[in-house]
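Survey of secondary and tertiary structure
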Amino acid sequence: MRILVIGGAGYIGSHNVHALIERGDEVVVLDNLATGHRQAVHPAARFYEGDLRSAADLDKVLAENRVDAVMHFAAFSLVGESVQKPLKYFNNNVGGMMSLLEAMERHGVDRLVFSSTAAVYGEPKTVPIVEDAEKDPTNPYGESKLIMERMMRWAGQACGIRSVILRYFNVGGALEDGSIGEDHRPESHLIPLILQVPLGRRPHISIFGDDYPTQDGTCIRDYLHVMDLADAHLRALDYLAAGGESTVCNLGNGQGFSVLEMVEAARRVTGHPLPAKIEGRRAGDPARLVASSDRAKAVLGWQPHAGIEEIIRTAWTWHQKHPAGFEDGQAAKR
Ligand code: UFG
């Protein structure tokens, strides 16, 4: 298949591009490099620097490449920033989806795989979380993704665009060879921040709150390897190619780990004592987020394989090889 990957220079997008190329698909990447990295884009992909919100940029890509389907990873995704700058999030995320759906309709492209998030649920009433659980986002980021999902549903019904919405929980890890990995500026995610300690880039890891109603008082999350995530995306493409109806699936391992357990696992993987310091809660953090991925298993035949040690081990390989991320100029030499 020929696939347009929007946001293919970002963390999750670049790993998906790699997986697509590995299995023989043709890949076209559109990315404005606002948060992505040019070096993260696989050399076999056809790269366009451009903005999803620009009808002209999308028209150029879609006119020059007859694509079978679109994968959409191009959204701002920092929860804290979204609270400070909600309109930045609605502009980019909601505006981007509007522009994309219009362009797909203009060019007769009718299959879409979309990265959504556990943040659409807000503070869950029951865990594991199923897809039909109440959606009540607690920040503009989650709200923007929920609006995007709804736009897809309405536009899909009217224009015949079929889609798979994948709601990710916490994603980590990197390609086994460490050639690409996670590099956010600023970094706010737990695993890369933990690994900055053994890299000598910070003296300790801060633990945001130890008074949550969990077994050790720290927040519980469901961590999934980025290549298990990519596998779900390939299956979603195949599902749509086989004529599957629009659907939405959670993606997680179905097992929760506390922040302290993650730090302990990183101590085992790196052999570093990894000092940790308990600090106050971070605003807006739910105590426990764990996915039910039963629907992804049933509908897509998907099954995650990597546990937290493998997630941390592959992330560690990436960070050790590229302590300055993509800035060192060596990253992604394949
Ligand atoms: N944490 C720390 N110290 C840190 C960084 C994080 O204790 O230095 C804690 C957080 O408080 C949280 C857990 O580690 O309890 C995980 O935090 P992340 O920032 O890595 O991930 P989140 O669970 O906040 O965010 C993830 C995705 C978001 C998505 C959200 C859904 O990264 O895109 O889940 O709630 F919106």
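One can find the structure itself at the top, above this paragraph.
The notes below deal with the structure included here. Each residue is numbered by its place in its chain's sequence as written, counting from 1. Local features in this predicted model are restricted to residues of pLDDT 70 or higher, and side-chain atom pairs are both shown and tallied only at a pLDDT of 80 or more, whereas totals for entire chains, interfaces and linings draw on every residue. To get the side-chain values, take all heavy atoms of the structure and skip hydrogens and water.

A run of H or I in DSSP counts as a helix once it spans at least four residues, and a run of E counts as a strand once it spans at least two, with each numbered from the N terminus. Locating Thr117 in the fold gives a position in strand β5 (residues 111-117). What qualifies as a polar contact is a pair of N or O atoms within 3.5 Å, subject to a donor-acceptor requirement within protein and to the restriction that residues adjacent in sequence count only when both atoms come from side chains. Within polar-contact distance, the side chain of Thr117 engages the backbone nitrogen of Ala119 at 2.9 Å. Every residue pair with non-hydrogen atoms within 4.5 Å of one another is taken to be in contact. Excluding residues that lie within four positions of it along the chain, Thr117 makes contacts with Tyr141, Lys145, Leu166, Arg167 and Tyr168.

Another aspect to go through is the nonpolar core. Here, the term nonpolar core denotes a set of buried Ala, Val, Leu, Ile, Met, Phe, Trp, Tyr and Cys residues that are joined through side-chain atoms within 4.5 Å. Relative accessibility decides the category of a residue: with a 1.4 Å probe and only protein chains considered, values under 20% of the type maximum give buried, values over 50% give exposed, and everything between is partly exposed. Core analysis: the largest hydrophobic core is formed by 37 residues, its most contacted members being Val5, Leu166 and Leu251. Residue contributions to this core peak at nine residues, all from helix α7 (residues 226-241). Once you skip the residues sitting within four places of it in the chain, Val5 turns out to touch Gly13, Val17, Leu20, Val27, Val28, Val29, Leu30, Met71 and Phe73. The next biggest cluster of nonpolar side chains, apart from the first, holds 27 residues, and it includes Val70, Leu100, Met104 and Phe114.

Attention now moves to the packing of aromatic side chains. A pair of Phe, Tyr and Trp rings is counted when the ring centres sit within 6.5 Å of each other, with Trp represented by its six-membered ring. The angle between the planes then sorts it: under 30 degrees is stacked, over 60 is edge-to-face, the rest tilted. This model, assessed by the stated rule, comprises two aromatic pairs. Summarising the aromatic geometry, the rings of Phe76 and Tyr89 are spaced 5.7 Å apart at their centres and angled 55 degrees between planes, so their arrangement reads as tilted. With Phe76 in the loop between β4 (69-72) and α3 (79-84) and Tyr89 in helix α4 (residues 86-107), this residue pair connects regions lying 13 residues apart in the sequence. Given the relative accessible area of 16%, Phe76 is considered buried. Residue classification places Tyr89 among the buried positions, given a relative accessible area of 0%. Ring-over charges, as used throughout, are those where CZ of Arg or NZ of Lys falls within 6 Å of the ring centre and within 35 degrees of the ring normal. Taking the ring centre of Trp154 as reference, the NZ or CZ of Arg153 above it sits at 5.1 Å.

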